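A look at the structure
What follows is the residue order along each chain.
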Amino acid sequence: MNVEKILNILKKEFEKWPEDKATVKKMIRVHNNEPFKSLVMAVLSTQTKDSITSEISKKLFEIADSPKKILALTDQELEKLLKPISFYKRKAKYIKEISRIIIEKYNGNIPNSYEEIIKFPGVGRKVANVFLSNVYKKDVIAVDIHVHRISNRLGWVKTKNPLQTEKELYKVIPKHLWKDINLYLVAFGQVICSHKPKCSICPISQLCPYPNKNLHF
Ligand code: SF4
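As a starting point, this report considers the structure included with it.

So, the site of the ligand
Close to the ligand lie 13 residues; Cys193, Cys199, Cys202, Cys208 and Tyr210 are nearest. When its residues are assigned to classes, the shell around the ligand shows 10 nonpolar, one polar and two charged.

Structure (structure tokens):
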């Protein structure tokens, strides 16, 4: 398996990719890996473009960047702030409930275990793993559509859906690389190995067995 070699190449390329293409970089700039902001953005980002999530989150955090400040907003004020986000009314409820739980149950701290994070409203398996790997550097693999698609193209796994991919990746990827998989494959998927891969400009083309790569010029 060439996972480590590929990740090392992607880490170097990552630095060069612009934020308007590698939009995950914009997300990181806004939450700065601060636990509360990261968790809020992870919840807001489901079924919403990173560019919209980043822009709206930035405005939200200028007004309310802590559980206490979120709870000080009325439902209407919070909904108005989140409006361009998909399912903003439902997500406004989630964020208020998350803020309440953080204050009442965790004394203002954000828990760092999967079992606790997954209990928050609006947090599913992918959101929990993205949060834990990126913010707390936990050894977990967060699989979204980019990770699923690229892992299959690179021949690391042969799977039909993200959950299968996650299970198989745990078997074939060395543990010390688990926490890096999501960030670098998502950025790579946003810039190059997207739905229609740009194989002609791919920095890992020589390492990729994807059979149709030469067709995508
Ligand atoms: S060669 Fe094409 S399919 Fe393979 S990793 Fe690069 S962009 Fe993706």
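What about helix H2 (residues 23-31)?
One full turn of an α-helix is made of 3.6 residues, so residues set three or four places apart face in the same direction. Where H2 is concerned, the buried positions are Thr23, Val24, Lys25, Met27, Val30 and His31. In this structure, the buried residues of H2 make contact with helix H1 (3-16), helix H3 (35-45), helix H4 (50-63) and helix H12 (178-191). The positive-phi residue at the C-terminal boundary of H2 is Asn32, with phi of around 55°.

Here's the deal with the side chain of Asn129
With respect to the helices and strands, the residue Asn129 is situated in helix H9 (residues 125-134). The contacts of Asn129, once residues within four sequence positions are left out, are Tyr114, Val140, Ile141, Ala142 and Glu166.

Side note on the pattern of salt bridges
Taken as a whole and assessed by the stated rule, the structure comprises 12 salt bridges. Glu55 serves as the salt-bridge partner of Lys59, at 3.6 Å between the closest nitrogen and oxygen. Of this pair, Lys59 and Glu55 both sit in helix H4, four residues apart, which is roughly one turn of the helix. Classification of Glu55 as partly exposed rests on a relative accessible area of 47%. Note that Arg100 and Glu97 form a salt bridge whose closest N and O atoms lie 2.6 Å from each other. Taken together, the residues span about one helical turn, with Arg100 and Glu97 both in helix H7 (residues 88-106) at a distance of three residues.

Focus on the packing of aromatic side chains
By the definition in use, this model includes six aromatic pairs. Residues Phe14 and Tyr184 carry aromatic rings whose centres are separated by 5.1 Å and whose planes lie at 75° to one another, so their mutual orientation is edge-to-face. Linking Phe14 in helix H1 with Tyr184 in helix H12, this pair joins segments that are 170 residues apart in sequence. Relative to Phe188, the ring of Trp17 lies with its centre 6.3 Å away and its plane at 20°, an arrangement referred to as stacked.

A word on unusual backbone geometry
The backbone of Asn33 sits at a positive phi, close to 55°, despite the residue not being glycine. Relative to the helices and strands, Asn33 resides in the loop between H2 and H3. Judged by its relative accessible area of 31%, Asn33 falls in the partly exposed class. Despite not being glycine, Gln47 has its phi angle at roughly 55°, a positive value. Its location among the elements puts Gln47 in the loop between H3 and H4. When its relative accessible area of 65% is taken as the criterion, Gln47 is described as exposed.

What counts, and where the lines are drawn
Residues numbered from 1 in each chain as written. Predicted model: local features only at pLDDT ≥ 70, side-chain atom pairs only at ≥ 80, totals over all residues. Heavy atoms only, no water. Near = heavy atom within 4 Å. Nonpolar A, V, L, I, M, F, W, Y, C, P; charged D, E, K, R; others polar. Buried < 20%, exposed > 50% of the residue type's maximum accessible area, 1.4 Å probe, protein only. Helix = DSSP H or I, 4+ residues; strand = E, 2+ residues; numbered from the N terminus. Contact = heavy atoms within 4.5 Å. Salt bridge = Lys/Arg side-chain N within 4 Å of Asp/Glu carboxyl O. Phe/Tyr/Trp six-rings, centres within 6.5 Å; stacked < 30°, edge-to-face > 60°.

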